[in-house]
Amino acid sequence: MEHSHIFPVFSPNGSAWSPGQHPTESAQACPLGPLPVIYYSVLLCLGLPANILTVVILSQLVLRRQKSSYNYLLALAAADILVLLLIVFVDFILEDFILGTALPPSLNNAVQVLEFSSIHTSIWITVPLTVDRYIAVCHPLRYHTVSFPARTRKVIFAVYVGCLVSAAPYYWWPELWHSLPGVGSGAGGGGGGGGEERDRRTVAQHVLVWAHCATVYLLPCTVFFSLNAVIVRKLRRRRSCFRLRGYSTGKTTAILLAITSIFAVLWAPRTLVILYHFYSAPPASRAAGRLLHALTDLANMLALLNTGVNFFLYCFISKRFRGMAANVLRALVNCRKQPPPFYASHNFSITSSPWISPANSHCIKMLVYQYDKNGKPVCISS
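What this report covers is the structure whose coordinates are included nearby. Every value quoted in this text rests on a predicted model; they were computed, and no experiment measured them.

Helix and strand counts for the chain come out as 12 helices and two strands. In the chain, buried positions account for 49% of the 382 residues. Partitioning the intrachain contacts of the chain with sequence separation of at least 6 by distance along the chain shows that 80% fall at a separation of at least 24.

Below, the discussion takes up helix H11 (residues 310-317). Structural remark: α-helix, 3.6 residues per turn; residues separated by three or four positions point the same way. For H11, the buried fraction is high: six of the eight residues fall into the buried class. When we look at burial in H11, the residues that qualify are Asn310, Phe311, Leu313, Tyr314, Cys315 and Ile317. Contacts from the buried residues of H11 go to helix H2 (35-64), helix H3 (68-99), helix H9 (251-279) and helix H12 (319-333).

With that settled, the discussion passes to the packing of H9 against H11. Axes are the key here: two packed helices are described by the angle between their axes and the distance separating the axes. Orientation of H9 relative to H11, taken along the N-to-C sense of each, is 145°, at an axis distance of 10 Å. The handedness of the crossing between H9 and H11 comes out as right-handed. Facing Lys251, Ala254, Ile255, Ala258, Ile259 and Ile262 of H9, the residues of H11 in contact are Asn310, Leu313, Tyr314 and Ile317. Considered class by class, the residues forming the contact of H9 with H11 number eight nonpolar, one polar and one charged.

The next thing to look at is helix H7 (residues 149-166). An ideal rise of 1.5 Å per residue puts 26 Å on 18 residues; H7 measures up with 25 Å between its terminal C-alpha atoms. Listed as buried for H7 are Pro149, Ala150, Thr152, Ile156, Val159 and Cys163.

On to the pattern of salt bridges, then. Going through the model one piece at a time under the given rule, you end up with one salt bridge. Among the salt bridges present, the one from aspartate 132 reaches arginine 133, with a minimum N-O distance of 3.2 Å. Judged on exposure class, the residue aspartate 132 and its partner arginine 133 are both buried.

Another point: the environment of phenylalanine 321. Inspection of the secondary structure assignment puts phenylalanine 321 in helix H12. Separated by 264 residues in the primary sequence, phenylalanine 321 and isoleucine 57 have C-alpha atoms spaced 7.3 Å apart.

Our focus in this paragraph is the environment of leucine 82. Looking at where leucine 82 falls in the secondary structure, it is placed in helix H3. We classify leucine 82 as partly exposed; its relative accessible area is 37%. Taking the C-alpha atoms as reference, leucine 82 lies 8.9 Å from leucine 114; in sequence the two are 32 residues apart. Setting aside chain neighbours within four positions, we find leucine 82 in contact with Ile87, Ser118 and Tyr160.

Enumeration according to the criterion identifies 13 aromatic pairs in this entry. Their ring planes at 40° and their centres at 6.0 Å tell us that tyrosine 217 and phenylalanine 263 sit as a pair that is tilted. One end of the pair, tyrosine 217, is in helix H8 (residues 192-239); the other, phenylalanine 263, is in helix H9, with 46 residues separating them in the sequence. Of the two residues, tyrosine 217 and phenylalanine 263, both sit in the buried class. An aromatic cluster of at least three residues, connected via ring pairs, comprises Tyr217, Phe224, Phe263 and Trp267. Over the ring of tyrosine 70 we find lysine 67, and its NZ or CZ is 5.0 Å from the ring centre.

Turning next to the nonpolar core. By size, the foremost hydrophobic cluster in this structure holds 33 residues, and its most contacted members are Ile57, Leu73, Ile259, Phe311, Tyr314 and Phe321. Of all elements in the fold, only H2, H3, helix H5 (126-138), H7, H8, H9, H11 and H12 reach the threshold of two or more residues within this core. For this core, the element with the most residues is H2, which contributes six residues. When near neighbours in sequence (up to four residues on either side) are disregarded, isoleucine 57 contacts Phe311, Phe321, Met324, Ala325 and Val328. Core analysis: the second largest hydrophobic core is formed by 26 residues, Leu48, Ile87, Phe92 and Ile93 among them.

Among the structural elements, cysteine 315 can be located in helix H11. Judged by relative accessible area, cysteine 315 falls into the buried class, the value being 15%. Once the C-alpha coordinates of cysteine 315 and threonine 54 are considered, the two residues, 261 residues apart in sequence, prove to be 9.9 Å apart. Leave out the neighbours within four places in its chain, and cysteine 315 touches Phe321, Arg322 and Ala325.

On to a nonpolar patch on the surface. On the surface, Ile38, Val42 and Leu46 cluster together into a nonpolar patch covering about 280 Å² of accessible area. Judged by relative accessible area, which is 43%, valine 42 ranks as partly exposed.

Secondary-structure assignment places asparagine 51 in helix H2. By relative accessible area, asparagine 51 is classed as buried at 3%.

With that out of the way, let us pick up the packing of H11 against H12. Where H11 meets H12, the closest approach of the two axes is 5 Å, and the angle between their N-to-C directions is 115°. With respect to the hand of their crossing, H11 and H12 are arranged in left-handed fashion. Residues Phe311, Tyr314, Cys315, Phe316 and Ile317 of H11 form the contact with H12, whose participating residues are Lys319, Phe321, Arg322 and Ala325. Partitioning the contact of H11 with H12 into residue classes produces seven nonpolar, no polar and two charged.

About the cut-offs
Residues numbered from 1 in each chain as written. Predicted model: local features only at pLDDT ≥ 70, side-chain atom pairs only at ≥ 80, totals over all residues. Heavy atoms only, no water. Helix = DSSP H or I, 4+ residues; strand = E, 2+ residues; numbered from the N terminus. Buried < 20%, exposed > 50% of the residue type's maximum accessible area, 1.4 Å probe, protein only. Contact = heavy atoms within 4.5 Å. Axes fitted to C-alpha atoms, helices over the stretch in contact; angles between N-to-C directions. Left-handed = near helix turned anticlockwise from the far one by under 90°. Nonpolar A, V, L, I, M, F, W, Y, C, P; charged D, E, K, R; others polar. Expected span 1.5 Å × (residues − 1). Salt bridge = Lys/Arg side-chain N within 4 Å of Asp/Glu carboxyl O. Phe/Tyr/Trp six-rings, centres within 6.5 Å; stacked < 30°, edge-to-face > 60°. Lys NZ or Arg CZ within 6 Å of the ring centre and 35° of its normal. Core = buried A, V, L, I, M, F, W, Y, C linked by side-chain atoms within 4.5 Å. Patch = residues over 30% accessible without salt bridge, like charges linked within 9 Å, V, L, I, M, F, W, Y side chains within 5 Å. Areas by Shrake-Rupley, 256 points an atom, 1.4 Å probe, with all protein chains shown as cover.

So, in structure tokens, the structure goes:
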């Protein structure tokens with residue numbers, strides 16, 4: 001992300017851009033004062049243990065109930081851990097506030113690629129989860145033939161590799177505080193060749209910025225809103241028709257709707273600030289520069305909050321997750337070993353559709369599946 005504290009808007013004399021200030025000078029230049037470093041420290045101290053605990057709990061759930069949605073949520077928690085380590089710790093806390101200077105250019109660009117890869121993974125791993133829930137709700141009879149653990153692991157691997165490949169062009173991501181056209185560059189100079197080179201660089205930067213906004217916000221939100229609208233409409237239409245005893249409300253679907261809604265709200269300010277920062281003229285006054293600095297800080301803080309709230313969201317929605325979290329914390333505090341998990345290969349899975357309840361499973365014997373050792377469904381209905 002943007003090193004808005006290494007590169008404050010104006011130097012102490014108020015007339016020029018000044019990268020590489022001392023940390024104390026950077027902190028003084030920040031219009032929010034010590035709030036960013038406090039916020040990122042708290043986010044790291046709370047978000048990292050929460051995501052690690054989420055990984056432990058979801059790993060147990062994956063072993064107990066071979067559900068594809070649990071695999072996706074597990075991959076999402078792992079991606080959030082990478083975001084917290086690479087962006088919150090390395091990019092903001094280490095570079096901006098501890099070292100007070102950027103890493104060497106080649107190393108900084110390589111870390112930048114990993115940062116964008118972790119962001120893309122954290123966002124795009126939710127897309128197959130949305131598709132999974134769409135099939136479970138809208139096409140329950142075909143769910144187990146389309147979505148099963150073996151295929152889910154392949155999809156997750158493809159998303160991680162694809163996001164790493166898609167982040168490679170961001171090795172040349174522009175530094176929005178001082179390397180954009182017209183910012184921090186001398187007047188005039190150059191010649192025809194220099195102007196053409198600047199134009200080519202400007203076009204490449206435009207492509208990267210718009211690709212970033214489309215990849216991390218516009219395209220995912222399009223998928224989320226379109227499929228979630230169908231899911232919600234289906235749930236509302238059939239709620240009165242499926243008043244079966246033991247009816248399941250679909251906690252995983254509720255978690256999906258909450259995750260995507262929070263993402264759309266928290267990432268919208270950063271997307272708008274990036275586009276405004278890229279297309280607006282450089283700040284003409286110190287006050288305007290400090291305002292833009294504050295808006296960028298707040299937008300980044302909101303966007304990164306998305307990586308630390310999922311654990312608390314799961315606890316709020318799912319009673320099972322809340323109980324398992326309490327058991328894990330109790331075992332950790334008392335230094336006791338947890339009982340061995342009950343593996344899913346020992347029992348049967350009816351379906352993940354919210355329309356089919358355990359109380360009515362005797363009516364749909366053709367949907368009873370058991371998973372083999374490779375995680376593929378094996379129909380055992382007679």
